[in-house]
Amino acid sequence: MDTMLVISISSAASVVLTLGVVLGIQRIRRDAAGRSAEKIRSDAEREAEHLLRDARVSAKGETIKMREECEAELKERRREQANVEKRLAQREELLDRRADSMDAKLKNIEKQEADIAQMRERVANREQELNKSISRQIDELERISGYSREEAREVLLEKLKNEVRNESGLVVRNVLEEVKERSEKEARRILTYAMQRYASDCTYERTTATIPLPGDEMKGRIIGREGRNIRAIESATGVSILIDDTPEAVVISCFDPVRKEIARKLMEKLIGDGRIHPTRVEELVKKITKEQEEELFQVGEAAVLETGIPGVSPQIMKMLGRLKYRYSFSQNVLQHSLETAYFMGIIAAELGLDEKKAKRIGLFHDLGKAIDHEVEGPHAQIGADVLRKYNEPKDVVHAVAAHHGEIEPESLYDILINICDTLSASRPGARSETTELYLKRLEQLESIAHDFPGVESCFALQAGREIRVVVVPEKVGEGEAQMLAKDICSRIEKEMTYPGQIKVTIIRETRSVEYAK
């Protein structure tokens, strides 16, 4: 127990000692903190004084700088204001001068207007005087000449009209001769070049087909008992069989050239094997017709390939093949179409046009002749309708329709097809002409020339390709002769149909005749 008490007292003493040490440390720290705070406060006061002094110095410097800037800006504004006032004064002075100038101009204009008014008045008075003088002179002229004003005007106009007609005729003749010389030279070059590039054989008339027979007894077999064989042939082919006194030959006649060709092949086969009866005729007609259709397509296809035209309908090719058996004035129409296509292509290339389109028009231009015996209307319009049906280009269709002048031309192709069609038809040896048509054309040509006043006589030359007209010199002047030639050409173009061109020559001469007695 005493030991425990001693321990407790020792522990209490230790606690008291510790508390004393702690309190001592705290008192030391308070003293040190007080001294440090006093030092900080004094330092802060000194620093504040320094900052205040620096701030005052800086503020004074800024104030001085701002005052200087304000004074400089004020000086600048005053200087600008002075410049503005100076410019305003100059402008005001300029405006005053302009105002003075305008006043002077206005006064000048008013003076000029007054002068013009006076001048107009003098002109009006002078015009009245001149009108009175002209009226007096006209009355005096009417009295002297014995003509009224209207009669004198008619006389002068008639005289002037004759003089102008004569002079215009001379001018027209000179211009036409110059243009004709240049155009003929260029046209001759192009046409010569085209004809050199293409040449074809002459053609002959083929209106009927003559079939040779091995003997006259074959005629009886063709006719058959009571004519049944010949009736069967005519019924199956649609042709007419002519059996006359011509020895060892029969003649086939038909408007349709394809039917005529089928009948010709049929007759050759019947005569070849000798079996002639209606059943045999029907069998051969079916077979030959089928072969003929294939041949027509092949012929048309060959024509298209030869001209190098793409995208042609098979139906059009078949119609082209039918032209192989069609003739016009002894000229084969398919051959004529190929010639025209070649001419179209050559001349179109020379003129810078589309060569393939030109060939297409040339090959198709007479397509209507393949069916013109079945469809009413001119072959040009029939061909155009066929081409339109098979979706050919519009300009191709129009050129085909216009190649005989039945509708107005719209493009160079329309005019070119007419030229090339005539070129192919009128080349030497291309066509033959009957004597009756030849004489009729000559008579019509001379009759047209005789219808014009002042014509003394006329003569058709060179198979109707030239006409020479002799006129009375007293009735037809030198200038009027050129106009007469143009009038005669216009009548010929409107009333006649002819290949190529017709030259009209006006002959005017004065003869002085005396007799020595």
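Below, the structure is looked at part by part.

How each quantity is defined
- Residues numbered from 1 in each chain as written.
- Predicted model: local features only at pLDDT ≥ 70, side-chain atom pairs only at ≥ 80, totals over all residues.
- Heavy atoms only, no water.
- Helix = DSSP H or I, 4+ residues; strand = E, 2+ residues; numbered from the N terminus.
- Buried < 20%, exposed > 50% of the residue type's maximum accessible area, 1.4 Å probe, protein only.
- Contact = heavy atoms within 4.5 Å.
- Areas by Shrake-Rupley, 256 points an atom, 1.4 Å probe, with all protein chains shown as cover.
- Salt bridge = Lys/Arg side-chain N within 4 Å of Asp/Glu carboxyl O.
- Expected span 1.5 Å × (residues − 1).
- Patch = residues over 30% accessible without salt bridge, like charges linked within 9 Å, V, L, I, M, F, W, Y side chains within 5 Å.
- Lys, Arg positive; Asp, Glu negative; His and termini not counted.
- Charge placed at Lys NZ, Arg CZ, Asp CG, Glu CD.
- Pairing = 2+ DSSP bridges.
- Axes fitted to C-alpha atoms, helices over the stretch in contact; angles between N-to-C directions.
- Parallel < 35°, antiparallel > 145°, perpendicular 65-115°, else oblique.
- Left-handed = near helix turned anticlockwise from the far one by under 90°.
- Nonpolar A, V, L, I, M, F, W, Y, C, P; charged D, E, K, R; others polar.
- Polar contact = N/O pair within 3.5 Å; in protein donor to acceptor, adjacent residues only side chain to side chain.

**Points about the overall build of the protein**
- When you go through the protein residue by residue, the secondary structure sums to 14 helices and 8 strands.
- Here the protein holds 517 residues, and the buried ones make up 30% of them.
- Across the protein, the fraction of contacts at a sequence separation of at least 24, relative to all contacts at a separation of at least 6, is 62%.
- Carbon and sulfur atoms provide 54% of the accessible area of the protein, an area that totals close to 35400 Å².

**Some thoughts on the pattern of salt bridges**
- The final tally for this structure, using the stated rule, is 22 salt bridges.
- Ionic pairing is found between Arg-468 and Glu-466, a salt bridge with its closest N-O pair at 3.0 Å.
- When salt bridges that share partners are traced, they join Asp-256, Arg-259 and Arg-322 into one network.

**Comments concerning helix H5 (residues 257-273)**
- Helix length check: H5 (17 residues) gives 25 Å between terminal C-alpha atoms against 24 Å at 1.5 Å per residue, within 8%.
- Within the span of H5, buried status applies to Pro-257, Val-258, Lys-260, Glu-261, Ile-262, Ala-263, Leu-266, Met-267, Leu-270 and Ile-271.
- Those residues of H5 that are buried lie in contact with strand E1 (209-212), helix H3 (217-223), helix H4 (228-237), strand E3 (249-253), helix H6 (278-307) and helix H7 (314-322).
- Immediately downstream of H5, the backbone of Gly-274 shows phi near 80°, a positive value.

**Concerning a negative patch on the surface**
- Taken together, the side chains of Glu-62, Glu-68, Glu-69 and Glu-71 make up a negatively charged region of the molecular surface.
- Position of Glu-71 among the secondary structure elements: in helix H1 (residues 2-145).

**Things to note about the sheet that holds E3**
- Reading across from one edge, E1-E3-E2 is the order of the 3 strands in this open sheet, with antiparallel pairing throughout. Where the open sheet ends on each side, the last strands, each with one partner, are E1 and strand E2 (240-242). Ignoring which end each strand starts from, the neighbouring axes of this sheet average 25° apart.
- Across 4 bridges, the pairing between E1 and E3 is antiparallel. Among the inter-strand pairings, Pro-212 is bridged to a residue of E3, identified as Ala-249.

**Quick notes on the packing of helix H9 (residues 355-364) against helix H11 (residues 394-401)**
- Direction vectors running N to C along H9 and H11 enclose 40°, while the axes themselves pass 9 Å from each other. Considering their axes alone, H9 and H11 lie oblique with respect to each other. Here the hand of the crossing between H9 and H11 comes out right-handed. Residue-level inspection shows Lys-357, Arg-360, Ile-361 and Phe-364 of H9 in contact with H11, the latter providing Asp-395, Val-396, Ala-399 and Val-400.
- Class assignment for the residues of the contact of H9 with H11 results in 5 nonpolar, no polar and 3 charged.

**Some thoughts on the pairing of E3**
- By the criterion of burial, E3 is predominantly enclosed, with 4 of the 5 residues buried.
- Pairing geometry for E2 and E3, over 3 bridges, is antiparallel. Counterpart to Ile-241 in the pairing with E3 is Ile-252.

**A look at the pairing of strand E7 (residues 466-471)**
- Of all the 6 residues making up E7, 5 are buried; the element is thus mostly covered by neighbouring parts of the structure.
- Looking at chain direction, strand E6 (residues 455-461) and E7 are connected through 6 bridges and run antiparallel. Following the sheet pairing, Val-455 is matched in E7 by Val-471.
- The sheet contact formed by E7 and strand E8 (residues 503-507) spans 5 bridges and is parallel. Looking at E8, one finds that Val-469 is bridged to Ile-506.

**Here we look at the sheet that holds E8**
- In space, the 3 strands of this open sheet follow the order E6-E7-E8, with mixed pairing throughout. Each of the sheet's edge strands pairs with one partner strand only, and the pair in question is E6 and E8. Strand-to-strand twist of the sheet, defined as the mean angle between neighbouring strand axes without regard to direction, takes the value 20°.

**A closer look at the side chain of Arg-360**
- Residue position: Arg-360 is located in helix H9.
- Separated by 3.0 Å, the side chain of Arg-360 and the backbone oxygen of Gly-311 make a polar contact.
- Ignoring anything within four residues of it in the chain, the contact list for Arg-360 reads Ile-309, Pro-310, Gly-311, Val-312, Glu-392, Pro-393 and Val-396.

**Overview of the environment of Lys-269**
- One can find Lys-269 in helix H5.
- For the pair Lys-269 and Leu-284, spaced 15 residues apart in the sequence, the C-alpha separation amounts to 8.3 Å.
- Once residues lying within four places of it in the same chain are set aside, the contact partners of Lys-269 are Leu-284, Ile-288 and Glu-291.

**Details of a nonpolar patch on the surface**
- There is a patch of nonpolar side chains on the surface, built from Leu-157, Leu-160 and Val-164 and spanning about 270 Å² of accessible area.
- With respect to the helices and strands, the residue Leu-157 is situated in helix H2 (residues 149-197).

**Considering unusual backbone geometry**
- Despite not being glycine, Glu-226 has its phi angle at roughly 55°, a positive value.
- Relative to the elements of secondary structure, Glu-226 occurs in the loop between H3 and H4.

**A few points about the side chain of Glu-466**
- Mapping Glu-466 onto the fold places it in strand E7.
- There is a polar contact of 3.0 Å between the side chain of Glu-466 and the side chain of Arg-468.

By themselves, these observations are geometric and do not establish any function.
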